[in-house]
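Here are the chains, one letter per residue:
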Amino acid sequence: MTSNEELFARAKNVMPGGVSSPVRAYGAVGGTPRFAAKAEGAWITDAEGKQYVDLVGSWGPMILGHAHPAVLEAIQRTAERSSSFGAPCLPELALAEKIVTMVQPVDRVRFTSSGTEAVMTAVRLARGATGRDKIIKFAGCYHGHSDSLLAAAGSGVATLGLPDSPGVTRGTAADTIVLPYGRLDLVEEAFTADDGQVAAVVTEAVPANMGVIVPPEGFNKGLREICSRHGAKLIMDEVLTGFRVGPTGYFGAAVKDEGWAPDLLTYGKVVGGGVPMSAVAGGAELMDLLAPAGPVYQAGTLSGNPVASAAGLATLENATPEVYEHLDRASERLRALIADALSTEGVPHRINNWGNLFSVFFTADEVTDYDSAKTQDTAAFGRFFHTLLDEGVWIAPSSFEAWFVSDALGDREFDVLAAALPKAAKAAARG
Ligand SMILES: Cc1ncc(COP(=O)(O)O)c(C=O)c1O
């Protein structure tokens, strides 16, 4: 059996850093990334045959657990009729109709293949609709790696301590205004300073890429109000929260009953059930500015892919209210175990959660934005992480990432977690 070390050495010869996405390389925690061989339910097995309880779930999509029978069946049945047509097809239509039915006020959905593409498309649409160039984003929010959204982008960039990326032109960077998260007064100020030039505010519905940050009371609604007053669009990025924090994401859980809506929503992760798939969604008037209905160009060879659409549809159909209840309970149970283990060892920590979505910050201070998230003891996290891994628990290799629970987590998995967490907390305490 080839070891993870040997595989990583081979991978580094043929792929930059040995990976297809930076955080996977374990840069922040050291050691060798585990190569995934297979996964089923809540368990993932590496190339050496070691099994782990998976609390990453492919960074969000695997809400039902891995290889869920209904999702597998949908993928197999659809792939038998070809894995791609490059033509309109029934699975994408069914998924679009499902999203429109589930999330009012969505009238139209444009499918793309990654969250990056979805948010990039939303930004272009906002610029096309308003005839303005600038956008406002918040430090620590990640919206994918498109040029205009890479500034102060949390997560991978924060994990690796990278500055904003070379290769982004000064012109593009100048069109992105980055503000601290949670400060409506600064948003208002920025609009006033750039009067008539801001096309859109882009925000994560619940920031989760600098760790989970709970939106201050009235913050998202306040953004809506400011955008409306200044003729700008509000893009609420639900790539991570969509269909995860509830059947209709953050929008359904927190916004709908307040009687307002963003102009555009973006989805990814759960919407494709683990197959590349994402979407921009919104009202008819704005969405129909997209080509070919309108002049704003956007396209994709594999967009609306039948297999991805079928996997997404099967996932949404099987994500019943009971599943969301189970996710909430599993998250609560896990948070209690973590808090107990870290408190017992006197490890300073904060656990932020919004519904089932949570993260653990290794700091004693309240974490409300990117600056406070960066005060954590990342070395303590590294020791915590590696002990968990040794004990058969797979969490994201960065303290700036959320933890992802799945419907497949049960008592057997919690026994493993209950045994592993005290050991990991001890390691974290041994600084
Ligand atoms: C909120 C948010 N938006 C956009 C993206 C980008 O999605 P993708 O990695 O599919 O390009 C992510 C990825 O983690 C995300 O969390």
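Thresholds applied
- Residues numbered from 1 in each chain as written.
- Predicted model: local features only at pLDDT ≥ 70, side-chain atom pairs only at ≥ 80, totals over all residues.
- Heavy atoms only, no water.
- Near = heavy atom within 4 Å.
- Polar contact = N/O pair within 3.5 Å; in protein donor to acceptor, adjacent residues only side chain to side chain.
- Areas by Shrake-Rupley, 256 points an atom, 1.4 Å probe, with all protein chains shown as cover.
- Nonpolar A, V, L, I, M, F, W, Y, C, P; charged D, E, K, R; others polar.
- Helix = DSSP H or I, 4+ residues; strand = E, 2+ residues; numbered from the N terminus.
- Buried < 20%, exposed > 50% of the residue type's maximum accessible area, 1.4 Å probe, protein only.
- Contact = heavy atoms within 4.5 Å.
- Pairing = 2+ DSSP bridges.
- Axes fitted to C-alpha atoms, helices over the stretch in contact; angles between N-to-C directions.

Asker: Account for the site of the ligand, with residues named and values stated.
Answerer: Neighbouring residues of the ligand: Ser114, Gly115, Thr116, Tyr142, His143, Gly144, Glu204, Asn209, Asp237, Val239, Leu240 and Lys269. The contact in question runs from an oxygen atom of the ligand to an N or O atom on the backbone of Gly115, over 2.8 Å. A distance of 3.0 Å is found between an oxygen atom of the ligand and a side-chain nitrogen or oxygen belonging to Lys269. Burial of the ligand by the surrounding chains reaches 82%, relative to a free accessible area of 390 Å². When the residues that make up the shell around the ligand are grouped by side-chain class, the tally is 3 nonpolar, 6 polar and 3 charged.

Asker: So what's going on with the environment of Gln376? Residues and values would help.
Answerer: Positionally, Gln376 belongs in the loop between α13 (370–373) and α14 (378–390). For Gln376, a relative accessible area of 6% corresponds to the buried category. C-alpha separation for the pair Gln376 and Ser148, spaced 228 residues apart in sequence, amounts to 28 Å. The residues touching Gln376, leaving out its near neighbours within four places in the chain, are Val360, Phe361, Phe362, Thr363, Ser399 and Phe400. Engagement of the side chain of Gln376 in a polar contact is seen with the backbone oxygen of Ala373, the distance being 3.3 Å.

Asker: Explain the sheet that holds strand β10 (residues 278–282) residue by residue, including any values.
Answerer: In space, the 7 strands of this open sheet follow the order β4-β10-β9-β8-β7-β5-β6, with mixed pairing throughout. Both edges of this open sheet fall to β4 (108–112) and β6 (176–179), since each of them pairs with a single strand only. On average, each strand axis in the sheet is inclined to that of its neighbour by 20°, with strand direction left out of account. Alignment of strand β9 (residues 264–267) against β10, held across 4 bridges, turns out to be antiparallel. Looking at the pairing, Thr266 lines up with Val280 of β10. Of the strands in this sheet, β4, β5 (134–138), β7 (198–204), β8 (233–237), β9 and β10 touch helix α4 (residues 115–130), which is tilted by about 175° from β8. Its contacts with the sheet put helix α7 (residues 184–193) on β5, β6 and β7, and the angle it makes with β6 is roughly 155°.

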